Amino acid sequence: ESQVYQKPTLDDIINLDDFESVAKNTFSPKSWAYHSGAANDCFTRDENRDFFRRIWLRPAIMRDVSRVNTQSTLFGCKLDIPVFVAPVGAAKMSHEEGELPLARGAASSGIIHCISTMSSYPLTEILDQTPSQAFYQLYINRDRSKTEALIRLAEKTGKVKALFVTADLPVMSKREADERIKLDEGTQWINVAKDNKPTGEKKKSAGLAKANSSFIDSTLNWDDLRWLRNISKLPIVLKGVQRAEDARLAMRAGFDGIVISNHGGRAADTTPPTILVLLEIHRYCPEVFGKMKVLVDGGFRRGSDIVKAICLGASAVGLGRPFAFALSYGQDGVEHAVSLIKEEIETASQLVGMTDLFRDANPSYINTAGLD
Ligand code: FNR
């Protein structure tokens, strides 16, 4: 007997996982493989999330927690909750209007959209949807003049408040789900705007990721920060830090921030869950937290996950797939996702005894005894 899947209304979506189930049931096989997939055996993708159950909360009771505040500022941007939309390419695979409703939903909900280099729409068209604040993610192009032009364009709009340079994918990883479903002529290029459309070979046998990544410059190294600084005055954030030594090097090189990230498990598989890397940095180079902003992404799905990261010194947390999935409901879906996660962050804060997340958060709310 065959049953027709009924897409639930937003009222029936009560957590971020519910959006993922909808995507699984409604996305094209290609789009589902692209979004849900990760590198090799997907160990890192899964562990990003699963590891939160090994980091325990230590609630302080008997405090007046009748009110709660979760606001903060980041690179001059106001955040209602410490969450940003992690850069995710090709949003047309989630919704026919791509990044446009994503940008509107992020702006109307008081969070920040980090726009991907690999967006379905040109940067300026996405920025037109947002009143004043966004971040812009860069994959450095082998043709450096193309990246330079994008940076100058981003800065000129006045809306981009920080540049995120992604460094965890100097070469394309092996994404098997994506690879198994061959590209057809329809999906090959339409989902990435021409700003960065790679030139050269178009391999039909490759997955979407591989076909679209041939422009990425694998020579990128620490000396390149100087080149970036000569182009732009914007804060520059290094995305993809996965070890304490690199956090320290980023600080010494003069980056304004880092994103602890393993690309949602889509870069090197069997790298540690990002919350564990945050703990490592906390332990081996705590000085970085005072010198630059430390952001983190990968597998954050619950308000309590986010509260844990803030207690361990993070300034904000990026969510990737949840927003790509929520986007299938357009702007309303994005707004609903933010309201769900906001409520969870508030409740988690109150349940551990905090009334002002950024004033009160500290490692005393975290128990990692089981890890030693
Ligand atoms: C990504 N990510 C990513 N990162 C980046 O710097 N530029 C990009 O264009 C993309 N594109 C992209 C597409 C898709 C479909 C996914 C799932 C991810 C990585 C992203 O910014 C972030 O690091 C992870 O998504 C965080 O993990 P979660 O929240 O998806 O578990």
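Residues numbered from 1 in each chain as written. Predicted model: local features only at pLDDT ≥ 70, side-chain atom pairs only at ≥ 80, totals over all residues.

1. Here we look at the overall build of the protein
Alright, step 1. The helix and strand tally for the protein stands at 17 helices and 12 strands.
Alright, step 2. Compactness check: the protein gives a C-alpha radius of gyration of 20 Å against a globular reference of 21 Å for 372 residues, within 12% of the reference.
Alright, step 3. Counting only C-alpha atoms, the protein reaches 60 × 60 × 40 Å along its principal axes.
Alright, step 4. Classification of the 372 residues of the protein by burial places 49% in the buried group.
Alright, step 5. Taking the intrachain contacts of the protein between residues at least 6 apart in sequence as the baseline, contacts between residues at least 24 apart amount to 72%. (Helix = DSSP H or I, 4+ residues; strand = E, 2+ residues; numbered from the N terminus. Rg over C-alpha atoms; globule rule 2.2 N^0.38 Å. Buried ≥ 20, exposed ≤ 12 C-beta atoms within 10 Å, placed from the backbone. Contact = placed C-beta atoms within 7 Å.)

2. Remarks on the site of the ligand
Alright, step 1. The full set close to the ligand counts 26 residues, and A86, G89, G264, G320 and R321 are the nearest of them.
Alright, step 2. Of the residues assigned to the shell around the ligand, the class counts are eight nonpolar, 14 polar and four charged. (Near = placed C-beta within 6 Å. Nonpolar A, V, L, I, M, F, W, Y, C, P; charged D, E, K, R; others polar.)

3. Points about the pairing of strand β11 (residues 316–319)
Alright, step 1. Burial along β11 is two-sided: the face carrying A316 and G318 and the face carrying V317 and L319 are both buried.
Alright, step 2. Summarising the sheet, strand β10 (residues 293–297) and β11 pair through three bridges and their orientation is parallel. By the bridge assignment, D297 is partnered in β11 with G318. (Pairing = 2+ DSSP bridges.)

4. Details of unusual backbone geometry
Alright, step 1. Of note, the phi angle at C42 is positive, near 60 degrees, even though the residue is not glycine.
Alright, step 2. On the secondary structure map, C42 appears in the loop between α2 (29–36) and α3 (43–50).
Alright, step 3. Despite not being glycine, H263 shows a phi value in the positive range, around 65 degrees.
Alright, step 4. Within the secondary structure layout, H263 lies in the loop between β9 (257–260) and α12 (274–284).

5. Topic: the sheet that holds strand β4 (residues 83–85)
Alright, step 1. Pairing is parallel around the closed barrel formed by eight strands, whose spatial order is β4-β5-β6-β7-β8-β9-β10-β11. Direction aside, neighbouring strands of the sheet carry axes that sit 30 degrees apart on average.
Alright, step 2. The sheet contact formed by strand β7 (residues 160–166) and strand β8 (residues 236–241) spans four bridges and is parallel. When the bridges of β8 are listed, L163 appears paired with I236.
Alright, step 3. Helix α4 (residues 99–108) rests against β4 and β5 (112–115) of the sheet, and its axis sits at about 150 degrees to β5. (Axes fitted to C-alpha atoms, helices over the stretch in contact; angles between N-to-C directions.)

6. Quick notes on the packing of helix α14 (residues 303–311) against helix α16 (residues 330–352)
Alright, step 1. Look at α14 against α16: their axes get within 7 Å of each other, and the N-to-C directions meet at 60 degrees. By the angle class used here, α14 and α16 are oblique. The two elements α14 and α16 meet at a crossing, and its hand is right-handed. Note on element contacts: α16 touches α14 through I341, E344, I345, T347, A348, S349 and V352, opposite G303, S304, I306 and V307.
Alright, step 2. Looking at the contact of α14 with α16, its residues break down into six nonpolar, four polar and one charged. (Parallel < 35°, antiparallel > 145°, perpendicular 65-115°, else oblique. Left-handed = near helix turned anticlockwise from the far one by under 90°.)

7. As for the environment of D50
Alright, step 1. Among the secondary structure elements, D50 is positioned in helix α3.
Alright, step 2. Along the backbone, D50 and G299 are 249 residues apart, and their C-alpha atoms lie at a distance of 8.0 Å.

8. Quick notes on the packing of α4 against α16
Alright, step 1. Relative to each other, α4 and α16 sit at 40 degrees, their axes nearing to 8 Å. When the axes of α4 and α16 are compared, the crossing they make is right-handed. Of α16, the residues touching α4 (which contributes P101, L102, R104, G105, A106 and S108) are G330, Q331, V334 and E335.
Alright, step 2. Residues of the contact of α4 with α16, tallied by class, amount to four nonpolar, four polar and two charged.

9. Considerations on the environment of V83
Alright, step 1. Relative to the elements of secondary structure, V83 occurs in strand β4.
Alright, step 2. Judged by the 28 C-beta atoms lying within 10 Å of it, V83 falls in the buried class.
Alright, step 3. Spatially, the C-alpha atom of V83 lies 20 Å from that of S119, the residues being 36 residues apart in sequence.

10. Digging into the confidence of the model for the protein
Alright, step 1. Scored by pLDDT, the protein comes out at a mean of 95, with 95% of its residues at no less than 70.
Alright, step 2. Interface confidence in the predicted complex, given as ipTM, is 1.00; pTM for the same model is 0.97. (pLDDT = per-residue confidence, 0-100.)

11. Observations regarding the pairing of β10
Alright, step 1. Across the five residues of β10, four count as buried, placing the element largely inside the fold.
Alright, step 2. Note: β9 against β10, four bridges, orientation parallel. Directly across from V259, in β10, lies its bridge partner L295.
Alright, step 3. In this view, the connection linking β10 to its parallel neighbour β11 by way of α14 has right-handed handedness. (Right-handed = clockwise from strand over helix to strand, strands pointing away.)

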